[in-house]
Amino acid sequence: MAQYQFYSSSKESTSMERCSVDCIVPEYCPEEPLPPYNQNTAIPFEIDYSYFINEISSKRQSSKLREITRLLEKLPPDCIKFGVGVPNVQTFPFKKISVELITGENIKLQGQELSDALQYLPSVGYRPLINILEEIQESFHGPQNWSKRSIIMTSGAQEGLSKVVEMCVRCNDPVIMPDPVYTGAVDLFKPYSADIIPIIQDSCGVVVEEIEKVLAERKRKMLPIPKMIYLNPTASNPAGTTLPTHRKREIYKLACEYNMLILEDDPYYYLHFEKENPVSFLSMDTEGRVLRFDSFSKIMSSGLRVGFITGPKTLLHRVELHMQTSSMHTSSLSQVLLYKLLSHWGKNGLISHFMHVKNFYKQKLDYMMSAINKHLNGLAEWYEPNGGMFLWLKIIGLNDAKKLVTTRCLEKCIILAPGFALSAIPENPSPYIRLSYSIASPEEVDRGIALLAEAIREELLD
């Protein structure tokens, strides 16, 4: 445990600053890190959050009946509940739920916990679970002021992103995002005809100078300034890049200067392969500009559909209003089961599980890199990711890898993700492809990469 650092505030993480300077796609020259960021010297700033709320969201009001459900948490258990329109759990056909862990231990839900798991919950989530998550956030991201910041449970990080976009975006709004980008994010903005501003990436993620250029030019031309920037900062999907701390600090400064929110979508945070944890945007947020999206999908179970947002109370309360009239709340069963598991493990057990998952994916990556170096030298360019489950390849000699992926590779029974589908502007041709090393066995990896090399050669000759 001593070698594993939970949280870093002013101390630079040297392992995170180290990027692949000898990679071929694309070239990267190390930047000088900024002086350590001191939260204690930050000037207090009061944000007018109404600036970020669109017209439809601003008309939402609290559901009075949902507020009654939330009130029940604060009432004594012997109060008489005439005003609650919920079914009686005694009519449900479940007596006990027991889940066996891979260690052979059992997690059991019975009595009041089973009742909680089978019943409606407040839209913000299961309070005992949120209490644990607050401790986890403070362990990994530093002390939080919970009088101004809060947590709301969501059905995976995707629901959280969806609600925030639904809450903030107006038609034709500009938004900054990386290129390439997670398609589940960019697709949320498309129905609003959003002005997507793609920012190129190198081996360490988005290039800050490009963000500065875009913002300065829009200001000079009196064009609308983006109200938010979307980032997937750790082991990103699809590029596998991780933003170093000094870049995050520069981006945060730009967010403060231009009055933007940062959507920190970080589902691979606990799948990085470095010795020390990345320093998050949340840990440096002194003004209340960061909405952080965490997920248990990659580390516990994607089927549980449990994620959560950490951010300013004012904004999360409005997210709650959106949830009150849609999903109402994240699955009660999933939340209570997760609470029981985290309670059973404690901090040490949770860290042990994180390390197990990291080691699993690092071994998977090693198998993939061995096959890539064996079969694709001279055919593709790449850099080795330092976390996550994706490898981003550029095919040498191809302007567009679409036919390679969608026709020739499928004929050889290889399933890949074409780069154009992961571009912020998918209409443009792309020589890139995304490989996922999460599922395939070592034998499948070697055979699959050999077949990919064969397909590339055939495509180049066609």
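Residues numbered from 1 in each chain as written. Predicted model: local features only at pLDDT ≥ 70, side-chain atom pairs only at ≥ 80, totals over all residues. Heavy atoms only, no water.

K.L.:
I'd love a proper account of helix 12 (residues 402-411), names of residues and values included.
P.N.:
Buried within helix 12 we find L404, V405, R408 and C409. Considered in projection along helix 12, the buried side chains sweep an arc of 125° and stay on one side of the axis. If you follow the buried residues of helix 12, they end up packed against strand 12 (390-395), strand 13 (417-418), strand 14 (432-436) and helix 13 (442-461). Backbone geometry just after helix 12 places C413 at a positive phi near 60°. (Buried < 20%, exposed > 50% of the residue type's maximum accessible area, 1.4 Å probe, protein only. Helix = DSSP H or I, 4+ residues; strand = E, 2+ residues; numbered from the N terminus. Arc of directions from axis to C-beta. Contact = heavy atoms within 4.5 Å.)

K.L.:
Provide a residue-level description of the confidence of the model for the protein, including the pertinent values.
P.N.:
Looking at the protein as a whole, the pLDDT averages 89, with 88% of positions reaching at least 70. Low pLDDT, under 50, characterises residues 1-43; the stretch is placed with 98 contacts to residues that sit more than four places away or in other chains. (pLDDT = per-residue confidence, 0-100.)

K.L.:
Tell me about the packing of aromatic side chains, and name the residues and values.
P.N.:
One pass over the structure, following the stated rule, counts eleven aromatic pairs. When the ring of Y51 is compared with that of F52, the centres are 5.0 Å apart and the planes differ by 75°; the resulting orientation is edge-to-face. A residue is classified by how much of its surface remains accessible, and Y51, at 32% relative accessible area, is partly exposed. Seen from their ring centres, Y270 and F354 are 4.3 Å apart, and the 20° between their planes marks the pair as stacked. Pair noted here: Y270 is in the loop between strand 8 (261-265) and strand 9 (290-295) and F354 is in helix 11 (residues 332-375), with a separation of 84 residues, a long-range link. For F354, a relative accessible area of 4% puts it in the buried group. Each member of the aromatic cluster is reached from another via a ring pair, and the members are F140, Y269, Y270 and F354. (Phe/Tyr/Trp six-rings, centres within 6.5 Å; stacked < 30°, edge-to-face > 60°.)

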